Amino acid sequence: MRVLVTGGAGFIGSHLCERLIQDGHDVLCLDNLFTGSKRNIDQLLDSHRFELIRHDIIEPILLETDRIFNLACPASPVHYQYNPVKTIKTNVMGTINMLGLAKRVKARILQASTSEVYGDPLVHPQCENYWGNVNPIGIRSCYDEGKRVAETLMMDYHRQNGVDIRIVRIFNTYGPRMALNDGRVVSNFIVQALRGEDITVYGDGQQTRSFCYVDDLVEGLILLMKDGNCAEPVNIGNPAETSILEFATRIIDLTGSSSRIVFMDLPSDDPRQRQPDITQARRMLGWNPRVDVETGLKKTIEYFERILNTGRGDLDI
Ligand code: NAD
Ligand code: UDP
């Protein structure tokens, strides 16, 4: 099949492109390289089944494809808040463009949504029928509300135009190829620990997250895209919940670092708790996360060690 992956040079997108090539598909990667990098897809550039087009999805594009994975959007709060208007445009205009394309060429389209649609959740763990608790005017709104509109657009194109859609609500995902300067907690803590710098815990560290290894997530995306699955949103994440303070200690232990933990201001609207209810993914897709957090973190730590040791660690976080 011809598969279009927007955001394919990013962290998750590059793993997805790799998996799709392995599965025998022709992959077209569209990326504006804002947070993505050609380095992430270096190993694919020689394949005759892989093509990269430098393109911004807020502009329309005409091409032939059978499947679209719409992943283009910065995912780290630091990066999506850098140019919030652009973030909204990517989620709204970019999603309209990809839905227009899907409609025209009759392609199935999967939208990467997020656990952020639940905002600072009042229901725990979060199941798909929870409508969320989102601040519409805060500093995270460009992303949270942008993704909520993207979901609305998906459902409306589906109901109005019969577009074949999938929506995945991705919970915190980590692994090799997260950018060194990404600003998210996993890469920050690992890089700080490896450099012997202070580990920056925001707030008191009692807020929780549940971390999913990237290979598990990619498997979930592939399964969700298959025939016969439904248009309703599906959570994909690892329910293993941890406080951020516990997580910092874990990274220090796994890296054998001498770093100290320091506490810094909590950014506004930082969700206090987050854990996916994955009943739906288990029932509908037969999906379960397989990689436990310790194994996933060890692989991620090895990756960052390699990056730092090969002189590519010159980016500041
Ligand atoms: P990332 O920042 O590494 O990748 C995003 C990619 O999209 C980058 O390659 C970037 O250059 C590209 N991009 C951004 N804006 C674009 C535009 N306007 N046009 C074309 N390309 C553009 O982030 P990621 O972690 O790989 O996330 C991928 C997707 O998954 C995003 O949609 C994100 O919202 C979603 N998601 C990720 C997580 C996570 O924990 N990683 C959690 C929830 C949702
Ligand atoms: N966080 C932290 N130190 C950091 C980066 C993040 O304590 O250096 C916290 C952040 O405040 C949040 C959690 O870690 O409570 C997860 O942050 P991240 O940006 O990775 O993802 P998100 O908040 O979008 O889930």
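Let us look at the structure shown here. (Residues numbered from 1 in each chain as written. Chains lettered and ligands numbered in written order. Predicted model: local features only at pLDDT ≥ 70, side-chain atom pairs only at ≥ 80, totals over all residues. Heavy atoms only, no water.)

### Focus on the site of ligand 1
Right, so step 1: In the vicinity of ligand 1 lie 29 residues, with Asp 31, Thr 35, Tyr 143, Thr 173 and Arg 184 positioned nearest.
Right, so step 2: The backbone of Gly 36 places a nitrogen or oxygen atom 3.0 Å from an oxygen atom of ligand 1.
Right, so step 3: Take Lys 147: an N or O atom from its side chain is 2.8 Å from an oxygen atom of ligand 1.
Right, so step 4: Protein chains bury 97% of the 820 Å² of accessible surface belonging to ligand 1 in isolation. (Near = heavy atom within 4 Å. Polar contact = N/O pair within 3.5 Å; in protein donor to acceptor, adjacent residues only side chain to side chain. Areas by Shrake-Rupley, 256 points an atom, 1.4 Å probe, with all protein chains shown as cover.)

### Regarding the packing of helix H5 (residues 185-195) against helix H9 (residues 293-309)
Right, so step 1: Orientation of H5 relative to H9, taken along the N-to-C sense of each, is 60°, at an axis distance of 10 Å. Considered as vectors, H5 and H9 are oriented oblique to each other. Here H5 and H9 pass one another in a crossing that is right-handed. Residue-level inspection shows Val 186, Ser 187, Ile 190, Val 191, Leu 194 and Arg 195 of H5 in contact with H9, the latter providing Leu 297, Thr 300, Ile 301, Phe 304, Glu 305 and Leu 308.
Right, so step 2: Of the residues in the contact of H5 with H9, the class split is 8 nonpolar, 2 polar and 2 charged. (Axes fitted to C-alpha atoms, helices over the stretch in contact; angles between N-to-C directions. Helix = DSSP H or I, 4+ residues; strand = E, 2+ residues; numbered from the N terminus. Parallel < 35°, antiparallel > 145°, perpendicular 65-115°, else oblique. Left-handed = near helix turned anticlockwise from the far one by under 90°. Contact = heavy atoms within 4.5 Å. Nonpolar A, V, L, I, M, F, W, Y, C, P; charged D, E, K, R; others polar.)

### Points about the site of ligand 2
Right, so step 1: Taken together, the neighbourhood of ligand 2 is formed by 17 residues, with Thr 200, Tyr 202, Arg 209, Asp 270 and Arg 274 sitting nearest.
Right, so step 2: Between an oxygen atom of ligand 2 and a side-chain N or O atom of Gln 207, the distance comes to 3.0 Å.
Right, so step 3: Within the side chain of Arg 274, one N or O atom sits 2.7 Å away from an oxygen atom of ligand 2.
Right, so step 4: For ligand 2, whose unbound accessible area comes to 510 Å², protein coverage reaches 95%.
Right, so step 5: Elements that contribute at least two residues to the shell around ligand 2 include exactly H5 and strand E8 (199-202).
Right, so step 6: Residue classes in the shell around ligand 2 are distributed as 6 nonpolar, 5 polar and 6 charged.

In short, the description is geometric, and any link to function would need to be established separately.
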